[in-house]
Amino acid sequence: MRTTAATGTPPAVIAAPVTAEIPVHQIAAFVVMLGLLIVAPFFLYPIFLMKALCFALFACAFGLLIGYVGLLSFGHAAFLGSAGYVSAHAAKVWGLPPELAILAGTAAGAVLGLAVGALAIRSRGIYFANITLALAQMIYFFALQAKFTGGEDGIQSVPQGRLLGVLDLRQPYTLYFVVLAIFLLGFLIVYRAIHSPFGQVLKAIRENESRAISLGYRAEHYKLIAFVLSATLSGLAGATKALVFQLASLTDVHWTMSGEVVLMTLLGGLGTVFGPVVGAFIMIGLENYLATLGAWVTVVQGAIFVVCVLVFRRGVVGELGRLIRKPL
Amino acid sequence: MTLFGVPTQALFGQLLIGLINGAFYALLSLGLSVIFGLLNIINFAHGALYMMGAFVAYFCLQWVGLGYWWSLLIAPIVVGLVGILLERTMLKQLYHLDHLYGLLLTFGVALIIQGAFRNAYGSSGLPYGIPPALSGGHNLGFMFLPNYRAWVVVFSLVVCLGTWYVIERTRLGAYLRAATENPALVQAFGINVPRMITLTYGFGVGLAALAGVLAAPIYQVNPLMGADLIIVVFAVVVIGGLGSIMGSIVTGFALGVVEGFTKVFYPEASNTVIFVIMALVLFVRPAGLFGRAT
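### A short note on the overall build of chain B
Phase 1: Each helix and strand in chain B was counted, giving 11 helices and four strands.
Phase 2: Projecting the C-alpha coordinates of chain B onto the three principal axes gives extents of approximately 65 × 50 × 35 Å.
Phase 3: Split into buried and exposed, the 294 residues of chain B put 51% on the buried side.
Phase 4: By sequence separation, contacts in chain B at least 24 residues apart represent 76% of the contacts at least 6 residues apart.

Dropping the structure here:
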């Protein structure tokens, strides 16, 4: 979203040297996050944390697209959900070990991302949101009717198995640290992508697509690559989630899930590195806390949406970053 | 009697269902198009406001004792006023921002409305009877035509064409189209554009409420009746081309019919056919069938 355009960020951002050094405050923030995540399972319920980590990865993947390319996809649930189905199917029916099941799911996310991206990338703004939403809904109906997804029941009691034949994933703490490692891998990939020359070009396209094209960048290629990367990492999140909960279900492909990840990213802060993670933990925590309230959860989510859009557009991390005057 | 290996009874039955669905697609996508044309936002709350229209009809009957015909008048006004309130208090603040914020805001509003109604009325449907004047039907020889369904198709067609006439052929419509092209210039000519925007939003959601009242006797009154429908309507709007008035009417009805026939010939695809068509259309014409390139 082009909120910074009005403030006159110089489009010369392309020419700005990509510093090899990572700013100290971001390293500090990363260390704090890592520390919290390492001690967290000893104080909080590991299943809850793993759920939050999967969604944090999902939100990071989504945030890459909206925050740094300016594309609002309203169909990201398709990648999360399909990858979940494929990895659950691979683990349960084909009997693949967990690492291959997760890889299969991630690959499914990538392939689907390429197909959806190739169709949607030619349009912008609202059209892009609409088209991704509709394509994702098509995949939802496919999941509802296809045989292998189990329809309303989903794929249940997916075996977790041993990772690389060594780590027994049925142990909650082992599973937790495996999920943490997957999350960190995804997070660092996103971080690297944003802070690479590739990421600079993406930002240039977000700020002024025509100018980026006139400078010789093939905007559609860059956008498609970013889209596929985002879909792949969403797939990684979905595949991991299916193994953690031993379940792949329609909830993860439904458009409400696409809306939820938008909300997480928006609440955490658009265009921030840590925002999606914070947003995901807040939202999952809130859902956990409000679970007894039934349909009121939807109302609360809607209210957060409205408040974020009207008065809190920078999000939690965006506001923090403004406080310390450095991008987080 | 069979046609293409299918009993004509089933064929015409699905044609009718297709036309009914098409009528709702057309009314809803028409409202979305009108709103998009002037406000440049996709109104995600459209489905929730359609549901609200059906609920207003239900309340009129249960609380005040006013029947279907009164509801046809009252529901669009009530929901239109809700829309005007929404535009004045919230949407107005977002016009200087990226249009996507409008989408996100209305999405949040849709969640609030749907969640609140679900809390109050659960997710099972509430019955709403067909008005006595339209009960029964006619046997046309090749099929049985329920009066109410015929009424829905004819009435929504009249409303759609009336809207088209007002926008494309009257002075008021000319102002509206001019404001779509260049709001600043139209304002400079002394026309109150902000008020026009407010009224347009109210009118657009009023159309959704009207569709809700029409749908109440057919689908029952259900808090989630608009939630999934709106996604299909988004696809319809993309196929027709955003902002095109006639485009949304024609594609609305046509896609309803296509969907109906798909149920006859290949039932497995009936839920997805509209999305498949959307993908194909995007491939050939990214701006939609009736849309201009953006």
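### Structural notes on the confidence of the model for chain B
Low pLDDT means the predicted atomic positions in that stretch should not be read closely.
Phase 1: Counting all residues, the mean pLDDT for chain B is 89, and 98% of those residues have values of 70 or more.
Phase 2: Within chain B, no element has a lower average pLDDT than strand E1 (residues 2–3) of chain B, which sits at 68, and none a higher one than helix H3 (residues 68–89) of chain B, at 95.

### Things to note about the interface of chain B and chain A
Phase 1: The partner chain A presents 36 residues to the 37 residues of chain B that form the contact.
Phase 2: Mapped by element, the contributors of at least two residues to the side of chain B that touches chain A are helix H4 (100–121), helix H9 (229–240) and helix H11 (273–284) of chain B.
Phase 3: At 15 residues, the largest contribution of residues to the side of chain B that touches chain A is made by H4 of chain B.

### Some remarks on the packing of helix H5 (residues 147–169) of chain B against helix H6 (residues 171–181) of chain B
Residues and elements named next belong to chain B.
Phase 1: Direction vectors running N to C along H5 and H6 enclose 70 degrees, while the axes themselves pass 5 Å from each other. Of the possible angle classes, the one that applies to H5 and H6 is roughly perpendicular. Judged by residue contacts, Val166, Ile167, Glu168 and Arg169 of H5 engage Leu172, Gly173, Leu176 and Arg177 from H6.
Phase 2: Tallied by class, residues from the contact of H5 with H6 come to four nonpolar, one polar and three charged.

### Details of unusual backbone geometry
Phase 1: Despite not being glycine, Ser157 of chain A has its phi angle at roughly 40 degrees, a positive value.
Phase 2: Tracing the backbone shows Ser157 of chain A in the loop between helix H5 (125–145) and strand E1 (162–163).
Phase 3: With 9 C-beta atoms counted inside 10 Å, the residue Ser157 of chain A sits in the exposed group.
Phase 4: Backbone geometry at Gln220 of chain B places phi at a positive 70 degrees, although glycine is not the residue there.
Phase 5: Positionally, Gln220 of chain B belongs in the loop between helix H8 (193–219) and H9.

Calculation rules
- Residues numbered from 1 in each chain as written.
- Chains lettered and ligands numbered in written order.
- Predicted model: local features only at pLDDT ≥ 70, side-chain atom pairs only at ≥ 80, totals over all residues.
- Helix = DSSP H or I, 4+ residues; strand = E, 2+ residues; numbered from the N terminus.
- Buried ≥ 20, exposed ≤ 12 C-beta atoms within 10 Å, placed from the backbone.
- Contact = placed C-beta atoms within 7 Å.
- pLDDT = per-residue confidence, 0-100.
- Axes fitted to C-alpha atoms, helices over the stretch in contact; angles between N-to-C directions.
- Parallel < 35°, antiparallel > 145°, perpendicular 65-115°, else oblique.
- Nonpolar A, V, L, I, M, F, W, Y, C, P; charged D, E, K, R; others polar.

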